[in-house]
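Residues per chain are reported as follows:
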Amino acid sequence: MDTTKQPIVSGLSNQLEALNFKALLSDNSINLNRNRKHIKSTTRGNFRERILRKVQNRISPEPIQEDSKIPLTCQFQLFQTAMKHLLISGQFMGLNPVSRISDHSPTKIRFTVLSWKFVYGVTIGIAQACATVLCFCKLLKDSVNIVALAYFAFYLSTGCNTFIFLRVASKWPTLIKHVYETQLDSYIDVKVKNKCFAAYIIFFSMSMTEHMLSLLSKFVITMDCLPKGSDLFESYIIRNFPWLFEFDVPYYLPIGVILQFLTLVSTINWSYSDLFIVCMSIYLTSILKQINKKIEMAGNSNHLPIPFWRTLREDYTRATRLVRSFDDTISSVIFLSFASNLFFICLQLYNILSNGVTSKYNLLKEMCPNYPSGPLGGYEQIMYLLFSLSFLLGRSLVVSLVAAKVHSASMVPASALYNIPRNMYCSEIQRFLDQVHGDKVALSGLRFFYVTRSLVLSVAGTIVTYELVLLQFSNED
Amino acid sequence: MVLEAHTQIQYCTAKANYCEFHAGLRHLMRLARWAGFFPVQGLSQTNPDDVRFEFRSLYALYHAITVIGQTVMTFLAFYSFVDSNVSLSVVSNFLFYFTNYVTLVLLWRLSKNWSALISKTLEFEQSVTEIRTTRNLVSRTNTLTYVVLIFAMIEHALSKVFNIRSVMCCLGETSLNHTVINNYFKFKWKFVFDYFSTSTTYSYFVGFIAEFLCMQATFLWSFTDVLIMCFSIYLSSFFEDFNSTVSSFMKKASKTVPWSTLRVQYSQIVLIVKQMDEQLDYFVLISYFTNLFFICFQLYNSLKATASVTYLTYYVFSFLFLVTRALLLSIMAANVHSCAQVPQLALYEVPTADYSLDVQRFQLQLRYTTVGLSGVCFNVTRGMILRVIGTIVTYELVLIQLTKKNLDNDTSIRDYYLPKHLI
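What counts as what
Residues numbered from 1 in each chain as written. Chains lettered and ligands numbered in written order. Predicted model: local features only at pLDDT ≥ 70, side-chain atom pairs only at ≥ 80, totals over all residues. Heavy atoms only, no water. Helix = DSSP H or I, 4+ residues; strand = E, 2+ residues; numbered from the N terminus. Buried < 20%, exposed > 50% of the residue type's maximum accessible area, 1.4 Å probe, protein only. Contact = heavy atoms within 4.5 Å. Areas by Shrake-Rupley, 256 points an atom, 1.4 Å probe, with all protein chains shown as cover. Patch = residues over 30% accessible without salt bridge, like charges linked within 9 Å, V, L, I, M, F, W, Y side chains within 5 Å. Salt bridge = Lys/Arg side-chain N within 4 Å of Asp/Glu carboxyl O. Lys, Arg positive; Asp, Glu negative; His and termini not counted. Charge placed at Lys NZ, Arg CZ, Asp CG, Glu CD. Axes fitted to C-alpha atoms, helices over the stretch in contact; angles between N-to-C directions. Parallel < 35°, antiparallel > 145°, perpendicular 65-115°, else oblique. Left-handed = near helix turned anticlockwise from the far one by under 90°. Nonpolar A, V, L, I, M, F, W, Y, C, P; charged D, E, K, R; others polar. Disulfide = S-S within 2.5 Å. Core = buried A, V, L, I, M, F, W, Y, C linked by side-chain atoms within 4.5 Å. pLDDT = per-residue confidence, 0-100. Expected span 1.5 Å × (residues − 1). Phe/Tyr/Trp six-rings, centres within 6.5 Å; stacked < 30°, edge-to-face > 60°. Lys NZ or Arg CZ within 6 Å of the ring centre and 35° of its normal. Bend = angle between axes of the 7 residues up to and from the residue.

Draft legend 1. Highlighting the overall build of chain B. The helix and strand tally for chain B stands at 16 helices and two strands. The proportion of buried residues among the 423 residues of chain B is 51%. Intrachain contacts of chain B at a sequence separation of at least 6 include 79% that bridge at least 24 residues. Accessible area of chain B: about 19800 Å², with a carbon and sulfur share of 64%.

Below is the structure:
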């Protein structure tokens, strides 16, 4: 063969390819996203149409579908029924203000700035931001002590949480649309509903118990040291919100009520993000586990055609794409949750290890005129402290482990695929294996870290390191 | 007719020679040239072929004077470090001038290689024109440059104001007069005046020169970060264009995606990333080292702080500026790496009919090569940023603990009012 011709031929084919490439690019049907802004939302329509639709809905409302009567046949329905309690109770705290969030039709789920839910959420967020600033001023005024630092960090993290959930709400309709359009309806696990509900009940009850214990211990302290003839509620409020009342703000009853409400909302907010992450992880893990089950059953059968493996691989790809889509929406929640859990665990552990469970404040309390006046005979503070710390530790551990299950579930197909006998091995299975090994499918914290089991270990190591260093301070004092 | 044709040819050559990189970094490098660090001619020309490093020009003379001045300052800082008791403020002063000097040398090396870099970039841009859709690169880099450098100058001005007011307060003076300025110079530039004889007029001259050199050093401090940020914006814009091309091809299921050409385009981008990284790696290392050190240092100084309003405004502004700059730099540099990973996701969705050898090759290439900016011994990715933050917190805790004893014994009133790290 004439070897001089070969480079010319290959050169020509390269040029042809380049021309072909240019032609494809200049094809008008390929929109290279030169102008993203012209993409309109198809669900909104113009103002007049929206009003007309609203009026029509009010006159002849669509028949209400009851949850228990529909068999769960698609992923979207499963997601909506499982997350209903979680999302609606979140909206009571101003988190995730999406209108008609539990609707069974994805086009009705919208995020609008002009809804009362959004205004409510922003109000709570601004109140928490003001509390943060005031706590910071108090922190600067006094020296750095643990209580002031804890208050500051508490309001800072709950304020950030509220604003982060606003961002989540803006991305929520897109996420729901993706769940609706994902063609994974053969991988439904009905137990997800029960698991999510169980998690919801447990988290909420423990969070309410913690709040009740905190209220109890604070009221008891106030009662112990109450000078005769003064209002219990007033002295409780003034004593427990020093960041507001030390700046010469006069006390009025509505302010007290508002402050109590703010505390309640913030306390539940604190553990809500963990519950949110747990529920989303349970949902995503269920899909991946169903795929794993199918692969395992397929591995046990004798002969399966190549299209079967192709469909399975494509389903796996769709599931990983769903995980990634969820990750884009909730990664900021995960980041904040891990950061605040790390900080508060370090703080609480340091508090307990250096000051002991019976703090100096308890000793002072014994000198108060009405001591002991509470139902637990002086042990309320200790109980609250211990319960709070164990709830915090338990919550962080549960969140890390459940969220890490998404990553573990995505790695399982590999071992099943390796067990496929030689006569069934094809290029599809090879491609599937490449994908399982090469792709990192996990929930992440703003892509700074991926939530896997090794993360749990490294976070624990970090906490121990910081504790050891911090304890050396208190030893020198 | 001939004239028209001639202008047409000129226009075509001018357009063919348009280098986006040259245009994007023009303002930044011009500022560096005016500050005396970058003696490269031809930055303002549209034709990038005119860029060259000239030995015999005014800018080179200015640069030579700057180098001499900075060498003297660094040497004096080193001498004071060796001569006196080691305290954190002396160390920070020395490190400031030393890292500044290292950056100066690195910039000199960059200016020598600048024209070669421009021509390589021009060649690269001409090979990827088909996928280029970003139009606002130049405006982005210019905005970033001016915003960050203006904030840096504000911080420098605030520090001067604060220092002079502290001296006035210390001396009990109410207005700016000769005693104030004299004392300010003698205190601030202690390590300079220790080695010069002092008469009043002479100290003014030396003092003002020292101020000018210090301003140059402060400029260079922020300049490194802005340089890395602009390079990162430039590189990630190409990756973003590539990703949008791939995703738009994938949406059109009817046409086959030209994977072989796409892979070649990707390899071109990776090549230019490597070439730029060769020039930038030491800059990234120095930048991370100085940011790490000065953040720890500023946090530590907060323990010594009085609660006076002037100090608080200055300190909070300075610290926030430092942290924001470091964070912005890290995220933009890590963005190059993240954007380069995105095509991998598209490859998983290639239907079986199109899964050719080219797709496999591309997949292997994406999986086993690390693309991104590096700092000589590490790669700048998002995971690395988290490790840096963890390192800062650990070092901070240890620093506080180790010098807690010194804190209680520190009776020097000068340290109380004028933390020496302030420039």
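Draft legend 2. Structural view of the overall build of chain A. Each helix and strand in chain A was counted, giving 15 helices and two strands. Taking all 477 residues of chain A together, the buried fraction comes to 47%. Of all intrachain contacts in chain A linking residues separated by at least 6 positions in sequence, the fraction that spans at least 24 positions is 78%.

Draft legend 3. Local environment of a positive patch on the surface. Residue and element names in this part refer to chain A. A cluster of basic side chains, namely Lys191, Lys195, Lys289, Lys293, Lys405 and Arg453, defines a positive patch on the protein surface. Elements that contribute at least two residues to the positive patch include exactly α6 (191–224) and α9 (253–300). Within the secondary structure, Lys293 is located in helix α9.

Draft legend 4. Quick look at unusual backbone geometry. Residues and elements named next belong to chain A. A positive phi is found at Asn96, a non-glycine position, where the angle reads about 60 degrees. When you line up the elements, Asn96 lands in the loop between α3 (75–92) and α4 (116–141). Note on Asn96: relative accessible area 0%, which makes it buried. Although it is not a glycine, Leu446 adopts a positive phi angle of roughly 55 degrees.

Draft legend 5. Quick look at the packing of helix α10 (residues 259–301) of chain B against helix α13 (residues 357–368) of chain B. All names here are of chain B. Viewed as axis vectors pointing N to C, α10 and α13 meet at an angle of 25 degrees, and their least axial separation amounts to 9 Å. With respect to their mutual orientation, α10 and α13 come out roughly parallel. At the point where α10 passes α13, the crossing takes the left-handed sense. Here Trp259, Ser260, Arg263, Tyr266 and Ser267 of α10 lie close against α13, whose contacting residues are Asp358, Val359, Arg361, Phe362, Gln365 and Leu366. Taken together, the residues that form the contact of α10 with α13 break down as five nonpolar, three polar and three charged.

Draft legend 6. Fine view of the pattern of salt bridges. Residue and element names in this part refer to chain A. In the structure shown here, the tally under the stated rule is 13 salt bridges over all chains. Ionic pairing is found between Glu428 and Arg313, a salt bridge with its closest N-O pair at 3.1 Å. Highlighted residues: Glu428 in helix α14 (residues 427–438) and Arg313 in helix α10 (residues 306–355), separated in sequence by 115 residues. Residue Glu428 is classed as buried on the basis of its relative accessible area of 2%. Using a relative accessible area of 1% as the deciding quantity, one classes Arg313 as buried.

Draft legend 7. Structural view of the state of the cysteines. Tallied over the full model, the rule gives zero disulfides over all chains. Unpaired in this structure, A:Cys196 has its nearest cysteine sulfur neighbour in A:Cys279, at a distance of 4.1 Å.

Draft legend 8. Quick peek at a nonpolar patch on the surface. On the surface, a cluster of nonpolar side chains totalling about 490 Å² of accessible area is made up of B:Tyr146, B:Val147, B:Ile150, B:Phe151, B:Ile154 and B:Leu158. Along the chain, B:Ile150 falls in helix α6 (residues 137–171).

Draft legend 9. View of the packing of α9(A) against helix α12 (residues 380–411) of chain A. All names here are of chain A. Across the interface, α9 lies against α12 with an axial gap of 8 Å and an inter-helix angle of 25 degrees. Judged on the interaxial angle alone, α12 and α9 are roughly parallel. Crossing of α9 against α12: the hand is left-handed. Of the residues in α12, those in contact with Trp270, Ser271, Asp274, Ile277, Val278, Ser281, Ile282, Leu284, Thr285, Leu288, Lys289 and Asn292 of α9 are Phe391, Leu392, Arg395, Val398, Val399, Val402, Ala403, Lys405, Val406, Ala409 and Ser410. For the contact of α9 with α12, the residue count by class is 14 nonpolar, five polar and four charged.

Draft legend 10. Quick peek at the nonpolar core. Grouped together as the largest cluster of nonpolar side chains are 162 residues, with contacts concentrated most on A:Trp172, A:Phe276, A:Tyr283, A:Trp309 and B:Trp114. With residues near it in sequence (within four places) discarded, A:Trp309 still touches A:Ile295, A:Ala298, A:Leu304, A:Leu417, A:Ile420, A:Cys426, A:Glu428 and A:Ile429. Counting 36 residues, the second largest nonpolar core, distinct from the first, contains B:Leu76, B:Tyr184, B:Trp221 and B:Cys296.

Draft legend 11. Seen up close, the confidence of the model for chain A. All names here are of chain A. Considering every residue of chain A, the mean pLDDT works out to 82; 80% of them sit at 70 or more. In this model, residues 28–41 is a region of pLDDT below 50 whose contacts with residues beyond four sequence positions or in other chains number 15 contacts. Between residues 60–67, whose pLDDT stays under 50, and residues either more than four places distant or in other chains, the model counts seven contacts.

Draft legend 12. Spatial organisation of α9(A). In this model, α9(A) (48 residues) spans 70 Å end to end at C-alpha, consistent with the 70 Å of a helix rising 1.5 Å per residue. Within α9(A), 34 of the 48 residues are buried, which leaves the element mostly enclosed by the surrounding structure.

Draft legend 13. Structural context of the packing of aromatic side chains. A complete count under the given rule lists 57 aromatic pairs over all chains for this structure. On the numbers, 5.9 Å between centres and 15 degrees between planes, the contact of B:Tyr315 with B:Phe319 is stacked. Of this pair, B:Tyr315 and B:Phe319 are both found in helix α11 (residues 309–341), four residues apart, which corresponds to roughly one turn of the helix. Among the aromatic residues, those joined into a ring-pair cluster are A:Phe79, A:Phe165, A:Trp172, A:Tyr272, A:Phe276, A:Tyr283 and A:Phe326. The ring of A:Trp270 is capped by A:Arg395, whose NZ or CZ atom sits 4.9 Å from the centre of that ring. A cation over an aromatic ring shows up here: B:Arg325 above the ring of B:Trp221, its NZ or CZ 5.0 Å from the ring centre.

Draft legend 14. Seen up close, helix α5 (residues 146–181) of chain A. Over its 36 residues, α5(A) runs 49 Å from end to end, which matches the ideal 52 Å to within 8%, given 1.5 Å per residue. Along α5(A), the sharpest change in direction is near 45 degrees and occurs at A:Lys171; proline A:Pro173 comes one to four residues later.

Draft legend 15. Highlighting the environment of A:Cys426. Residues and elements named next belong to chain A. Considering the arrangement of structural elements, one finds Cys426 in the loop between α13 (413–418) and α14. What makes Cys426 buried here is its relative accessible area of 12%. Residues Cys426 and Ser273 lie 153 residues apart in sequence; the distance between their C-alpha atoms is 44 Å. Ignoring sequence-local partners within four residues, the contact set of Cys426 consists of Ile306 and Trp309.

Draft legend 16. How the structure looks around the confidence of the model for chain B. All names here are of chain B. On average, chain B scores 84 in pLDDT, and the residues at 70 or more come to 87%. Across chain B, element-level confidence peaks in α10 with a mean pLDDT of 91 and bottoms out in helix α16 (residues 413–417) with 38. Low pLDDT (under 50) marks residues 410–423, which in the prediction has 32 contacts with non-local residues, meaning those over four places away or in another chain. What the predictor reports for the complex is a pTM of 0.79 with an ipTM of 0.72.

Draft legend 17. Spotlight on the environment of A:Leu87. Residues and elements named next belong to chain A. Residue placement: Leu87 occurs in helix α3. Linking Leu87 and Arg321, residues 234 residues apart in sequence, is a C-alpha distance of 23 Å. Once you skip the residues sitting within four places of it in the chain, Leu87 turns out to touch Asn96, Ile101, Trp172, Tyr272 and Phe276.

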